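Close look at the chain arrangement
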Amino acid sequence: MTRTAEGPDASAARPHRLGSWLPPALALGLAGSSVAIGGVGYERVTAEPEAQVSFLVEDDLPHGITQETVEAAAEGRALSYEPFTVHVVERELDWDEYMHGEIEDAEMILSVGDDPEDPDLVLADATRVGISGLDSDDRYAVASTVRETFVNNRTIGHGPNAVVGAALTAADMHFDEGGRSPATWVSAAALPLLAGVAIMFLWVRSRGLERQRLQRFSRARLRLARVVLELDVLELRFETARAALSSAGDAVATDSLAALEADWDRIRQDSLRLARREQELEYAWLGGPAPRGSSGQTVGETPDWSDLERFEEQTAELQRRADALAAASELRAGHAGSGSVLDRLALPLLQSVDEVLAQRSRLARAAGEGTGESLDCLRGARDELLALNQEAATIPARSGGDDGDDGARLVAEHANLLDRWEAAERRIVGACTALSGTLKAHRREGHPGKKALRRDAEERVRRRVQASSAGATDSLDELRATLGLKHGAAGGPMWAAERVLAALEHTKLAAEPATGGISEEGWQAVIATVGMILPVAAGLLTGWAAVERADVNTAFGRTLQGDQPLAALDVVGDLGAVPEFEEPSDLRPSNQDSLTLEYVQESMARSVEFSEDAALLPDHLELHVALLPADDYISYTPRADHDYRIDIDYWDIVDAHARIKEEVGAEDPEVLDPATGEVALGHGILPVWLLDEATFAVGYTMTGEISSGVDSRLGTYSFRATDLLVSGTGDFEITLGDQVANTLQDLGRAMEYNHQESVKVDTTSLFWLVAVAVWTGAQTLLMIGVAVVEAGRRGIGTRRVRRQLAGLRGRLDDLALGLDLSRLDMVAVLGADSAIDGRAEQADQRLHEAGLVTAWREVQALERLPRREQRGADWESRVTHVEKLIDTLAARETDVATRAEELLRTQRDG
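Please read all numbers here as calculations on a predicted model, not as lab measurements.

**Quick word on the overall build of the chain**
Looking only at helices and strands, the chain has 27 helices and 14 strands in total. Split into buried and exposed, the 910 residues of the chain put 45% on the buried side. Counting only contacts in the chain whose residues sit at least 6 apart along the sequence, the fraction spanning at least 24 positions is 78%. Carbon together with sulfur atoms contributes 53% to the accessible area of the chain, which is approximately 45000 Å² in total.

**A closer look at unusual backbone geometry**
The backbone of His63 sits at a positive phi, close to 65 degrees, despite the residue not being glycine. For Asp120, which is not glycine, the phi torsion reads 65 degrees and is therefore positive. Relative to the elements of secondary structure, Asp120 occurs in the loop between strand 5 (108–111) and strand 6 (129–131).

**Observations regarding the state of the cysteines**
This model, assessed by the stated rule, comprises zero disulfides. The thiol sulfur of Cys377 is not disulfide-bonded, and the nearest other cysteine sulfur, from Cys432, lies at 9.3 Å. For Cys432, a relative accessible area of 0% puts it in the buried group.

**Points about the environment of His63**
Its place among the elements puts His63 in the loop between strand 2 (54–57) and helix 3 (67–74). The exposure class of His63 is partly exposed, given its relative accessible area of 30%. C-alpha separation for the pair His63 and Ala658, spaced 595 residues apart in sequence, amounts to 7.8 Å. Every residue in contact with His63, bar those within four places of it in the chain, is listed here: Asp114, Arg154, Gly159, Pro160 and Val654.

**Quick look at the pattern of salt bridges**
A full pass over the atoms with the stated rule returns 36 salt bridges. A salt bridge links Arg147 to Asp120; its shortest N-O distance comes to 2.6 Å. Taken together, the positions of Arg147 in helix 5 (residues 136–155) and Asp120 in the loop between strand 5 and strand 6 put the pair 27 residues apart, joining distant regions of the chain. For Arg147, a relative accessible area of 0% corresponds to the buried category. Linked through salt bridges whose partners overlap, the residues forming this network are Arg266, Asp270, Arg273, Glu317 and Arg321.

**Regarding the environment of Ala259**
Looking at the secondary structure, you find Ala259 in helix 9 (residues 251–286). The partly exposed category is assigned to Ala259, whose relative accessible area is 30%. Through-space distance from the C-alpha of Ala259 to that of Thr482 is 6.7 Å; in sequence the pair is 223 residues apart.

**Observations concerning the pairing of strand 11 (residues 683–690)**
Here strand 11 lies mainly inside the structure; eight of its eight residues are buried. Covered by surrounding structure in strand 11 are His683, Ile685, Pro687 and Trp689 together with Gly684, Leu686, Val688 and Leu690, the residues of both alternating faces. Relative to strand 11, strand 8 (residues 622–629) is paired through eight bridges, and the arrangement is parallel. Residue pairing for strand 11: His624 is matched across the bridge by Ile685. As judged from the three bridges shared by strand 11 and strand 12 (residues 696–698), these two strands associate in the antiparallel manner. Along strand 12, the bridge assignment pairs Val688 with Val698.

Rules of the game
Residues numbered from 1 in each chain as written. Predicted model: local features only at pLDDT ≥ 70, side-chain atom pairs only at ≥ 80, totals over all residues. Heavy atoms only, no water. Helix = DSSP H or I, 4+ residues; strand = E, 2+ residues; numbered from the N terminus. Buried < 20%, exposed > 50% of the residue type's maximum accessible area, 1.4 Å probe, protein only. Contact = heavy atoms within 4.5 Å. Areas by Shrake-Rupley, 256 points an atom, 1.4 Å probe, with all protein chains shown as cover. Disulfide = S-S within 2.5 Å. Salt bridge = Lys/Arg side-chain N within 4 Å of Asp/Glu carboxyl O. Pairing = 2+ DSSP bridges.

As structure tokens, then:
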């Protein structure tokens, strides 16, 4: 992977720099495409048909259908998204016309002829409609619907308008490319926008991670630079220690020298290797100078950010080994600073031991009074270790120098001190092992196993060492290894003490009743699971809902919006011929009196008030009620299966409707459109068939509305005109005015369901489009929501930790103010009563003050950091570590004061 110069492949080594501009550019491009798709979609969804449908009408067609009347009826109403021509004939169509749509002069051919024996009331005759360009799979559905629309309009009295209605239905079902579903376009526009937002979010997050990685790389480089810059000083210390150990000449000095030389050679080699590796990483990530040598990496391998962790670990390990070698060299050579080296070993260990000793009462409750002997042994070993620590601080002064015989004596004394130090550590391990065994014998059900305790103890040791050094990188393990101190069979003295504390803590937890709540890890798992399931569920449910809405027959379940009352009511015919009820009642008017505008309006208003499926009319309507002697217009027969119904021949109704229009139009010319002969818009004719002197039947309303669309109810059911309910023969009859009101409300409902367009959409594509869009949107919202929550949590956590740091400053002030009293209690009071002339107490006090200085310096360093650096996990971790150290120092202060007070009280009482 070594390169000697910049070349064409130089940029390949910088993958994070190559595409730094691509994600925002891609996100902007996606946002632009989303706007473009939204603009196209808005135009398509809001588009209105503007192309006029053309008609070619043959001569001599029935129902008043001519070229002139059809064109007049189509003016301003027969509009389509795509222009097309309709050829109107009466004959039967050829196979090629209706099956293949082979039409010479038009895009659609419509036959208005009929089979007198089959008026298409049950199944519309699809062979009377031909449409060009229609797939064979859709031919029958479209052709039969178009023909059905024509028959529906003819049933309610239309002729030219029936042709126009058929053309409008064909325009909707075939002559329209579709794509006007808002769900489709909203989803299509949302997808690139959401993808762009997600890309920007991930890009910003990746940039933040990249900055963090670069910061980590900078810290690792700084550690390496410090080691490399201090190699000369380290070499001087090593050479001094080698000279002292060589002059000693004994076997112990020889072995120690061999260990120091091995460490020194390894540090030099690793420093050179890591310096080369740093150059390679800098070249790959930061575009620095090309490396001049190889670090042992595979040739051609491009480093990536996964190599950062290894580089960090290696530089941290190198720094720890260098610190350990410097400290071991001082101690082995007997320098004046050798006491501080043993302070580093003693401080965390004695904190662990002191915490075990402070748990005497809990140990007695958990394991019985048999723990007292082990605790006494542990205290003796602790005092011995402190005495050795104090002795180490005075060896150079007592020896007088480090040259010649004095130097050899220093090496020997320190070697002997280390032997006694290890012996004291073994006593600590033994006492703690005995305590752990006693706790194991009294273990309760639910107590963790051996592996769990080992992991817990190792974690506690790690936190203890970090706290004693205020979170700084510590080389305690490397120093012990360099000095030849064994960890012991059970894992070392500190590990043994922390294992006792871990076992005691688990014993306390096992004795407490279970709360039954979900742990924090459990809640995190639940939240992660919900975060994965919810977007998927939301996408699938929304996709199904979109398909259901696109596929649903819109003729059902629609909320009616009609709010127009009947505008006018005019009675045509002899009102006195209307039959009355056999038994008059004071609660209702007569049929003749109820046939007024006011009564019908009130009846419709009452129905709307008491029924959710009722409404007024959607448009202005002036009604003309035609009172007609049935025998003069139609032939009818009573239903054999129903006493109160009659059947009317369909062709009689068609002819009668045409005749009624002419007669009513003769009395009131405004009722008919002069250009088409159809009922004009805004007008309606309702025939009331007078069957005899006692009975009548209300027919179907003819209006200027044209039935069209896929779900129109206007004129759809022929029995509304041919199968009528007879009134006047029962005891529970409603008035004619109420029947008119009910008929008008049925008409209003049918008008609201009229002119509905078919939804031309691939339901499978719609499902996945909507589902993926909603899923992407939910994921994006979750990502943004998590980011906002995390930012809020970090902000709250940062403010909390700053308050915590301010509180630590106050606690340090209190400890500093009580330092003189602490010295008196420990050295003058407890030291005076010591069996080893107060050496242990003096060392204990010195370690306490060293820890206090460490905490003070760390708090000052944390407070002096710029505000932008007073955040993040590393900073919070440092505050936590220094708080742990201050807690330990405060607990020790309280314990010393208590012990000194008890000693003074005992002496006074004695």
